[in-house]
Amino acid sequence: MPEKEIISLDQAQMAAERFVEGQFKNIKKIGVDKVKLGSIGSILIYDIDGIATVGGGLISKRERLPV
């Protein structure tokens, strides 16, 4: 199996933000609190934690979304 390139933490954060924007309607703001490289066994992963503000009209609610 060919070796794959590891993307930067900034690129992982941007990918996570695009993913969340694609999953939820009415995203007002996405704030990422933490981005780190980790592993599950031999598989490298990015652990990304943040908050997305979702709302429409006069009422907005904040939800902590696992990214």
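Going by the structure above, here's the rest.
The paragraphs below set out a description of the structure included in this document. Computed from a predicted structure; not experimentally measured.

A few points about the overall build of the protein chain
So, point 1. Looking only at helices and strands, the protein chain has one helix and three strands in total.
So, point 2. Along the protein chain, helices (α) and strands (β) appear in the sequence α-β-β-β when read from the amino end.
So, point 3. Counting all 67 residues of the protein chain, 15% fall into the buried class.
So, point 4. Long-range contacts, defined here as pairs at least 24 residues apart, represent 38% of the contacts in the protein chain between residues at least 6 apart.
So, point 5. Accessible surface, the protein chain: about 5500 Å² in total, of which carbon and sulfur atoms supply 55%.

With respect to a nonpolar patch on the surface
So, point 1. A cluster of nonpolar side chains, namely Ile6, Leu9, Leu37 and Leu44, defines an oily patch on the protein surface of about 360 Å² accessible area.
So, point 2. Relative to the elements of secondary structure, Leu37 occurs in strand E1 (residues 27–40).
So, point 3. The class of Leu37 is partly exposed, set by a relative accessible area of 44%.

A short note on the environment of Ala16
So, point 1. Inspection of the secondary structure puts Ala16 in helix H1 (residues 9–23).
So, point 2. The sequence separation of Ala16 and Tyr46 amounts to 30 residues, and the corresponding C-alpha distance is 9.5 Å.

Here's the deal with H1
So, point 1. Counted at 1.5 Å a residue, the expected span for H1 with its 15 residues is 21 Å, and the 21 Å between its end C-alpha atoms agrees.
So, point 2. Residues of H1 that are buried: Ala12, Ala16 and Val20. Each buried residue of H1 sits inside an arc of 70 degrees when the element is viewed along its axis, so together they form one side. In H1, the exposed residues that point more than 90 degrees away from the buried face are Asp10, Arg18 and Gly22.

What counts, and at which threshold
- Residues numbered from 1 in each chain as written.
- Predicted model: local features only at pLDDT ≥ 70, side-chain atom pairs only at ≥ 80, totals over all residues.
- Heavy atoms only, no water.
- Helix = DSSP H or I, 4+ residues; strand = E, 2+ residues; numbered from the N terminus.
- Buried < 20%, exposed > 50% of the residue type's maximum accessible area, 1.4 Å probe, protein only.
- Contact = heavy atoms within 4.5 Å.
- Areas by Shrake-Rupley, 256 points an atom, 1.4 Å probe, with all protein chains shown as cover.
- Patch = residues over 30% accessible without salt bridge, like charges linked within 9 Å, V, L, I, M, F, W, Y side chains within 5 Å.
- Salt bridge = Lys/Arg side-chain N within 4 Å of Asp/Glu carboxyl O.
- Expected span 1.5 Å × (residues − 1).
- Arc of directions from axis to C-beta.

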